[in-house]
Number of protein chains: 2
Amino acid sequence: MTGLTKLEQLCEDKGLKMTDQRRVIARVISDAEDHPDVETVYRRATEIDPRISIATVYRSLKLFEDANVLVRHDFGEGRARYEETGHHHEHLIDIETGEVIEFFNQELEIMKERVARELGYDLIDHRLELYGRKRKD
Amino acid sequence: MTGLTKLEQLCEDKGLKMTDQRRVIARVISDAEDHPDVETVYRRATEIDPRISIATVYRSLKLFEDANVLVRHDFGEGRARYEETGHHHEHLIDIETGEVIEFFNQELEIMKERVARELGYDLIDHRLELYGRKRKD
DNA sequence: GTACATGCAAAGGGTTTGCAAACGG
DNA sequence: CCGTTTGCAAACCCTTTGCATGTAC
């Protein structure tokens, strides 16, 4: 028996009605090692089950995002990318390949909080992306 | 005699052909205390001179951006905002009012560089935005 | 003069939505 | 069953572009 993915389980726990389409989309995200955009999720989903429309992909991803089981990223490419909610991390984007590298730096986290506080704000969210070129030496 | 704004002067120095429209758009940005989006630049520009189309605003802003006299920002609102190129700073966006507060923190700058280097990359660009709510105490 | 800039409206890319039909709990 | 979800296509928003006309240098 092939169990549910963690994402599917999470969705069920949250009481979301799980249609075949939503299950497939949840699995695609679960299986993704990258940070796929909507078009990519759509492509991968229809490979598994062609009865899925792009509109449903948009609607499901938004639903999952609102349920906090999924995080949407906007890397300034004009389209959104998604990944499963998990441990917090930042992204470094390789400007030559588009590859996305995850990293986490505790000091950076602390400093963001501090800067916001010093400006009189509670930090609600943030965005930190580094764009770099692989060092060739 | 009303002198040229710094931005107009910069554009002329770079050899850009300065039409009336471009001058008005440059002045609008120069006078802006905020980080106006294209629509706002268009509105302010047409108040000064109605002979300006939105297409020209887009084209001029892009031209100025390519000439590095202007910086484009994407704060994830689905539309671009612009500001004059100047001293480097980051932005904190008030999630309730949309107000943009500028800040600079040397430690953060150093750490971004370091993180990229440690991952084997040369830092080419970055994006750091804090989204906060004004502390009410 | 002539290459370049403009206005207009149409096209473009990503995303959302109205509606009737299909479906999950 | 009945409210929800879906597919489809049209609509949307921001931005870009083709073309004929106008203009800075």
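Everything numeric in this text was worked out from a predicted model, so none of it was measured.

> I'd love a proper account of the relation of the copies chain A and chain B, names of residues and values included.
One copy of the chain maps onto the second through a rotation about an axis and a displacement along it. Superposing chain A onto chain B requires a rotation of 179 degrees together with a translation of 0.1 Å along the rotation axis, leaving an RMSD of 0.1 Å. Read as a symmetry element, the transformation amounts to a two-fold axis. When each C-alpha of chain A is compared by its distance to the rotation axis, Leu128(A) comes out closest, at 2.3 Å. Here 100% of the contact residues of chain A are again contact residues in chain B; the copies associate through an equivalent surface.

> Any details on the interface of chain A and chain B? Residues and values, ideally.
Contact residues are listed per partner, giving 35 residues for chain A and 35 residues for chain B. Buried area between chain A and chain B, both sides added, is near 3,200 Å², and the carbon and sulfur share of it is 63%. When the area that chain A buries against chain B is broken down by residue, the three leading residues are Tyr121(A), Arg127(A) and Arg135(A), summing to 24%. A salt bridge links Glu107(B) to Arg114(A), with the nearest nitrogen and oxygen atoms 3.6 Å apart. At the boundary of chain A with chain B, the tally comes to 18 residue pairs in polar contact (both at pLDDT 80 or more). Going through the elements one at a time, strand E3 (90-94), strand E4 (100-103), helix H5 (106-118) and strand E5 (121-134) of chain A are the ones with two or more residues in the side of chain A that touches chain B. With 14 residues, the single largest contributor to the side of chain A that touches chain B is E5(A). When its residues are assigned to classes, the side of chain A that touches chain B shows 16 nonpolar, five polar and 14 charged. Where E5(A) and strand E5 (residues 121-134) of chain B come together, 13 bridges link them in antiparallel fashion. The partner of Asp125(A) across the bridge, within E5(B), is Tyr131(B).

> Provide a residue-level description of the sheet that holds E5(A), including the pertinent values.
Taken in spatial order, the six strands line up as E4(A)-E3(A)-E5(A)-E5(B)-E3(B)-E4(B) in an open sheet, and their pairing is mixed. The open sheet terminates on both sides in strands that have one partner only, identified here as E4 of chain A together with strand E4 (100-103) of chain B. On average, each strand axis in the sheet is inclined to that of its neighbour by 25 degrees, with strand direction left out of account. Pairing of strand E3 (residues 90-94) of chain B with E5(B) involves four bridges; the strand directions are parallel. Each residue of the ladder has a partner; that of His91(B), found in E5(B), is Glu129(B). Sheet strands touched by H5(A): E3, E4 and E5 of chain A together with E3, E4 and E5 of chain B. Its angle to E5(A), the strand with the most contacts, is close to 135 degrees.

> How would you explain the protein's contact with DNA strand C if you had to name every residue and give the values?
Neighbouring DNA strand C are 19 residues, the closest being Tyr58(A), Thr19(B), Arg51(B), Ser53(B) and Thr56(B). Backbone atoms, meaning sugar plus phosphate, form 75% of the atoms of DNA strand C positioned within 4 Å of the protein. Those elements that provide at least two residues to the surface near DNA strand C are helix H4 (54-66) of chain A together with helix H2 (20-31) and helix H4 (54-66) of chain B. When the residues that make up the surface near DNA strand C are grouped by side-chain class, the tally is seven nonpolar, five polar and seven charged.

> Lay out the protein's contact with DNA strand D with the relevant residues and their values.
Around DNA strand D, a shell composed of 19 residues is seen, among which Thr19(A), Arg51(A), Thr56(A), Arg59(A) and Tyr58(B) lie nearest. Within 4 Å of the protein, the contacting atoms of DNA strand D are 74% sugar and phosphate, with bases supplying the remainder. Contact between DNA strand D and Ser53(A): a phosphate oxygen at 2.8 Å from a side-chain N or O atom of the residue. With respect to DNA strand D, the side chain of Arg59(A) contributes an N or O atom lying 2.8 Å from a base nitrogen. Broken down by secondary-structure element, the contributors of at least two residues to the surface near DNA strand D are helix H2 (20-31) and H4 of chain A together with H4 of chain B. Partitioned by chemical class, the residues of the surface near DNA strand D number seven nonpolar, five polar and seven charged.

> Run through the pattern of salt bridges, naming residues and quoting values.
As enumerated under the stated definition, the model contains 38 salt bridges over all chains in all. In this structure, the salt-bridge partner of Lys112(A) is Glu90(A), at a minimum N-O distance of 3.4 Å. Of this pair, Lys112(A) sits in helix H5 while Glu90(A) sits in strand E3, and the two are 22 residues apart along the sequence. One salt bridge in this structure joins Asp37(B) and Arg79(B), with 3.4 Å as the shortest N-O distance.

The rules behind each value
Residue indices begin from 1 for each chain and proceed along its sequence in written order. Lettering of chains starts at A and numbering of ligands starts at 1, both following the order in which they are written. Where local features are concerned, this predicted model is filtered to residues with pLDDT of at least 70; where side-chain atom pairs are given and counted, the filter is 80 or more; whole-chain, interface and lining totals use all residues. Side-chain measures were taken over the full set of non-hydrogen atoms in the model, leaving aside hydrogen atoms and water. Least squares is the method for superposing the copies, and the C-alpha atoms it fits come from residues with pLDDT of at least 70 in both. We call two residues contacting when some pair of their heavy atoms lies within 4.5 Å. Each of two parts loses accessible area, computed with a 1.4 Å probe, when they are put together; buried area is these two losses added. Here a salt bridge means any side-chain nitrogen of Lys or Arg lying within 4 Å of a carboxyl oxygen belonging to Asp or Glu. Two N or O atoms form a polar contact when they lie within 3.5 Å of each other; inside protein one atom must be a possible hydrogen donor and the other a possible acceptor, and for residues adjacent in sequence the pair counts only when both atoms belong to side chains. The helix and strand labels rest on DSSP assignments: H or I over at least four residues marks a helix, E over at least two residues marks a strand, and numbering proceeds from the N terminus. Ten residues, namely Ala, Val, Leu, Ile, Met, Phe, Trp, Tyr, Cys and Pro, are considered nonpolar, four, namely Asp, Glu, Lys and Arg, are considered charged, and the remaining ones, Gly among them, are considered polar. Whether two strands pair depends on DSSP finding at least two bridges between them. With axes taken as lines fitted to C-alpha atoms, and helix axes fitted only over the stretch in contact, angles between N-to-C directions fall between 0 and 180 degrees. Near residues are defined by distance, with any heavy atom within 4 Å of the molecule or strand qualifying the residue.

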